[in-house]
Number of protein chains: 2
Amino acid sequence: MNNLTVVKIGGNVIDNPDALLRFLTAFAGLPGSRLLVHGGGKIATQVAEKLGVQTTMVEGRRITDQPMLDVVTMVYGGLVNKQIVAKLQTLDCNAIGLTGADARIVLAHKRPVGAIDYGFVGDLDEVNAGQIQFFLRQSLTPVIAPISYDNQGGLLNTNADTMASAIAVDLARHDTVTLVYCFEKRGVLADPANDDSVIPALNPTSYADYKAAGAINKGMIPKLDNAFRALDNGVARVVICHADELGAAVTGGGAGTTLNK
Amino acid sequence: MNNLTVVKIGGNVIDNPDALLRFLTAFAGLPGSRLLVHGGGKIATQVAEKLGVQTTMVEGRRITDQPMLDVVTMVYGGLVNKQIVAKLQTLDCNAIGLTGADARIVLAHKRPVGAIDYGFVGDLDEVNAGQIQFFLRQSLTPVIAPISYDNQGGLLNTNADTMASAIAVDLARHDTVTLVYCFEKRGVLADPANDDSVIPALNPTSYADYKAAGAINKGMIPKLDNAFRALDNGVARVVICHADELGAAVTGGGAGTTLNK
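In the nomenclature of an unreviewed UniProt entry, chain A is known as Acetylglutamate kinase of Spirosoma sordidisoli. Its UniProt record gives chain A a comment under Subcellular location (unreviewed entry), which states: "Cytoplasm".

As structure tokens, then:
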């Protein structure tokens, strides 16, 4: 069993070059093997607007038609991914940028059309853990864009939180995996209006209580559902923290919110 | 010594989905290890136009300012690269899309400013042949976008012909390498106006004669200079052919123009 840290970094940090550099410096300095899954940030929406591609959101989710899939492939798979890789190289972290199609590392199917047709959005089927481990054993650090592969020639826009969780779970079969969600808050907040109200630890019971009280709501719920699912499926530790507190969160300095079974 | 085929595919083929699929089918069917270096095609110029990024050409070469570098990174490193990777996967070719920054496979420096300031354009320094061989030994097929890495956090727009030649030369230290330039003509033409005037074989003497007569001119000259340099530096065979004749060219069916020392 090797130690592996799977880190997800969100769009707000990617949109801020100084914050991104601080985060990448901490990421490069983590002990042991590590892997990064990144979101997209606002730049995809900006590029889409300039290209005349309309962004349709339904219930907070982007509908991905073919022109938007091309934008996402350009911006997440190209610009954001390669800028992160290039920066990590300067920090002595030998990064390799990948989508799910590259070496077939993340396979998915197009989400079935129900009440909403999300378009070219992927629901995950399979992570090629052996291939990812092969990169890790060669001291390469995978930097994975939130784009999966449908095994039939198609790329699919994929939620980065879900992708990080699925990768962490599959790698946990062989390694001791810590999964860290980094975002712009200092952790899960007991009071969304108070940035200092970080909940140090959550378990399924206290999570249910906070949800019932309305303290944990909106976008935090799918993030936490993903996170608890990872814990239930073999991931050793899950932490949700500010991008600036990655180092402390991983080395046990008490930053962020730690999830317990 | 393993056999390796390094193939460069140009932009005109990439711009034509049917031609690209025919080419990729032939590429996936090549015997032995293979590696693809792709150009960009017109789509970078189209995307740049829509984004309001001006394309400046000097002597047939694109000047790459920062906004244009971002476009190139998006389009070549993201859209074109990942579409090729996804398509190759359907053809049972386990492709992995890379730029020079990924795993530091192609290092370069920014071209010094002389009479012309080319901007963020890379002149190649070093190919990490060991890393590329490591992918090849794992039956992964590298698909390399024409973007190199300056070792200081910067990406650089790079001529795909030069990149293919440099990669072929460095891998030829260990493997028996065939380098194939695929484009929209059936080979090097004795008469540029006659597509059937393919020169079956060229050596430095006959090349000099054709140049002196003006039959070989313009964009063919840097391509052929790259190609002869590769032959002089250990590459076993260099062929220039139509994208539709890749299979015949590699297996010795007599397609295209073969260069000899």
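With that settled, the discussion passes to the overall build of chain A. Of the regular secondary structure elements, chain A holds nine helices and 14 strands. Principal axes of the C-alpha set define a box for chain A whose edges measure 45 × 45 × 35 Å. Residues counted as buried form 57% of the 261 residues belonging to chain A. Sequence separation of at least 24 residues holds for 68% of the intrachain contacts in chain A that already meet a minimum separation of 6. Total accessible area computed for chain A in this model is approximately 10200 Å², and 47% of it derives from carbon and sulfur atoms.

Time to look at the interface of chain A and chain B. If you look at the interface, chain A gives 35 residues, while chain B gives 35 residues. Of the roughly 2900 Å² buried between chain A and chain B on both sides combined, carbon and sulfur atoms contribute 70%. Interface area lost by chain A to chain B is led by M74, K82 and F134 of chain A, which between them contribute 20%. One can count two salt bridges joining chain A with chain B. At the junction of chain A with chain B, the criterion picks out 10 residue pairs in polar contact (both at pLDDT 80 or more). At the level of secondary structure, the elements contributing two or more residues to the side of chain A that touches chain B comprise α3 (43-51), α4 (66-90), β5 (95-98) and α5 (129-137) of chain A. At 13 residues, α4 of chain A tops the list of elements feeding residues into the side of chain A that touches chain B. Tallied by class, residues from the side of chain A that touches chain B come to 17 nonpolar, 13 polar and five charged.

Another point: the nonpolar core. Looking at soluble globular proteins, one finds that nonpolar side chains tend to be buried together. Judged by nonpolar contacts, the single largest core of 95 residues is most densely connected at F23 and V71 of chain A together with F23 of chain B. Ranked by residue count, the leading element in this core is helix α4 (residues 66-90) of chain B, at 13 residues. Leave out the neighbours within four places in its chain, and V71 of chain A touches A44, V47, A48, L51, V53 and Y76 of chain A. Counting 90 residues, the second largest nonpolar core, distinct from the first, contains A103 and V106 of chain A together with V127 and F134 of chain B.

A few words now on the packing of aromatic side chains. Each aromatic ring pair is characterised by the separation of its centres together with the angle its planes make. Evaluated as defined, the whole model comprises eight aromatic pairs over all chains. Measuring from ring centre to ring centre gives 4.7 Å for F134 of chain A and F134 of chain B, while their planes differ by 20 degrees; the resulting arrangement is stacked. Of this pair, F134 of chain A sits in helix α5 while F134 of chain B sits in helix α5 (residues 129-137), each in a different chain. Looking at F134 of chain A, the relative accessible area reads 5%, which means it is buried. Arranged with centres 5.1 Å apart and planes meeting at 20 degrees, the rings of Y207 of chain A and F228 of chain A form a pair that is stacked.

On to the UniProt feature "site: Transition state stabilizer" (unreviewed entry) in chain A, then. Residue and element names in this part refer to chain A. The feature "site: Transition state stabilizer" (unreviewed entry), as annotated in UniProt, sits at K8 and K223 in this numbering. Judged by maximum C-alpha separation, these annotated positions cover 216 residues in sequence but sit close together in space, the widest gap being only 11.0 Å. Residue position: K8 is located in strand β1 (residues 3-9). Discounting chain neighbours no more than four positions away, the residues touching K8 are V37, A160, D161, A164, V180, Y181, C182 and K223. Polar side-chain contacts of K8 include one of 2.8 Å to the side chain of D161. Assignment of secondary structure puts K223 in helix α8 (residues 220-232). A relative accessible area of 8% means that K223 is categorised as buried. Those residues in contact with K223 that sit more than four places away from it in its chain are K8, D161, Y181 and F183.

Running from N to C, α4 of chain A and α4 of chain B point in directions that differ by 115 degrees, and their axes come no closer than 7 Å. Where α4 of chain A crosses over α4 of chain B, the two elements pack in a sense that is right-handed. Residue-level inspection shows D70, T73, M74, V75, G77, G78, L79, K82 and Q83 of chain A of α4 of chain A in contact with α4 of chain B, the latter providing D70, T73, M74, V75, G77, G78, L79, K82 and Q83 of chain B. Within the contact of α4 of chain A with α4 of chain B, the residues separate by chemical class into six nonpolar, eight polar and four charged.

Right, let's talk about the relation of the copies chain A and chain B for a bit. Mapping chain A onto chain B calls for a rotation angle of 180 degrees and an axial translation of 0.0 Å; the resulting RMSD is 0.0 Å. Viewed as a symmetry operation, the transformation between the two copies matches a two-fold axis. Residues of chain A ranked by C-alpha distance from the rotation axis are headed by G78 of chain A, positioned 1.8 Å from it.

What follows deals with the sheet that holds strand β14 (residues 257-259) of chain A. All names here are of chain A. Sheet architecture is open: eight strands sit in the order β5-β8-β2-β1-β11-β13-β14-β12, paired in mixed fashion. The open sheet has two edge strands, β5 and β12 (201-202), and neither has a second partner. One ladder, built from six bridges, connects β1 with strand β2 (residues 33-38); its direction is parallel. Within β2, the position partnered with V7 by the bridge is L36. Packed on one face of the sheet, helix α2 (residues 17-28) meets β1, β2, β8 (141-144) and β11 (176-183) and runs near 155 degrees to β2. Those strands touched by helix α6 (residues 160-171) are β1, β2, β8 and β11, and its axis lies near 170 degrees from that of β11.

Take the side chain of H242 of chain A next. All names here are of chain A. For H242, the position within the fold is in strand β13 (residues 237-242). From its side chain, H242 meets the backbone oxygen of E184 in a polar contact 3.4 Å long. One polar contact links the side chain of H242 to the main-chain amide nitrogen of D244, over a distance of 2.9 Å.

Take the pairing of strand β8 (residues 141-144) of chain B next. The side chains of a regular strand alternate between both faces of the sheet. Residues and elements named next belong to chain B. Across the two faces of β8 the burial is the same, with T141 and V143 and P142 and I144 all buried. Sheet topology places strand β2 (residues 33-38) next to β8; two bridges connect them, and they run parallel. Each residue of the ladder has a partner; that of V37, found in β8, is I144. Where strand β5 (residues 95-98) meets β8, four bridges bridge the pair, whose relative direction is parallel. Looking across to β8, one finds that I96 is bridged to P142.

What counts and how
Residues numbered from 1 in each chain as written. Chains lettered and ligands numbered in written order. Predicted model: local features only at pLDDT ≥ 70, side-chain atom pairs only at ≥ 80, totals over all residues. Heavy atoms only, no water. UniProt positions renumbered as here; feature names shortened; annotations may be inferred. Helix = DSSP H or I, 4+ residues; strand = E, 2+ residues; numbered from the N terminus. Buried < 20%, exposed > 50% of the residue type's maximum accessible area, 1.4 Å probe, protein only. Contact = heavy atoms within 4.5 Å. Areas by Shrake-Rupley, 256 points an atom, 1.4 Å probe, with all protein chains shown as cover. Buried area = accessible area lost by both parts, 1.4 Å probe. Salt bridge = Lys/Arg side-chain N within 4 Å of Asp/Glu carboxyl O. Polar contact = N/O pair within 3.5 Å; in protein donor to acceptor, adjacent residues only side chain to side chain. Nonpolar A, V, L, I, M, F, W, Y, C, P; charged D, E, K, R; others polar. Core = buried A, V, L, I, M, F, W, Y, C linked by side-chain atoms within 4.5 Å. Phe/Tyr/Trp six-rings, centres within 6.5 Å; stacked < 30°, edge-to-face > 60°. Axes fitted to C-alpha atoms, helices over the stretch in contact; angles between N-to-C directions. Left-handed = near helix turned anticlockwise from the far one by under 90°. Least-squares fit on C-alpha atoms with pLDDT ≥ 70 in both. Pairing = 2+ DSSP bridges.

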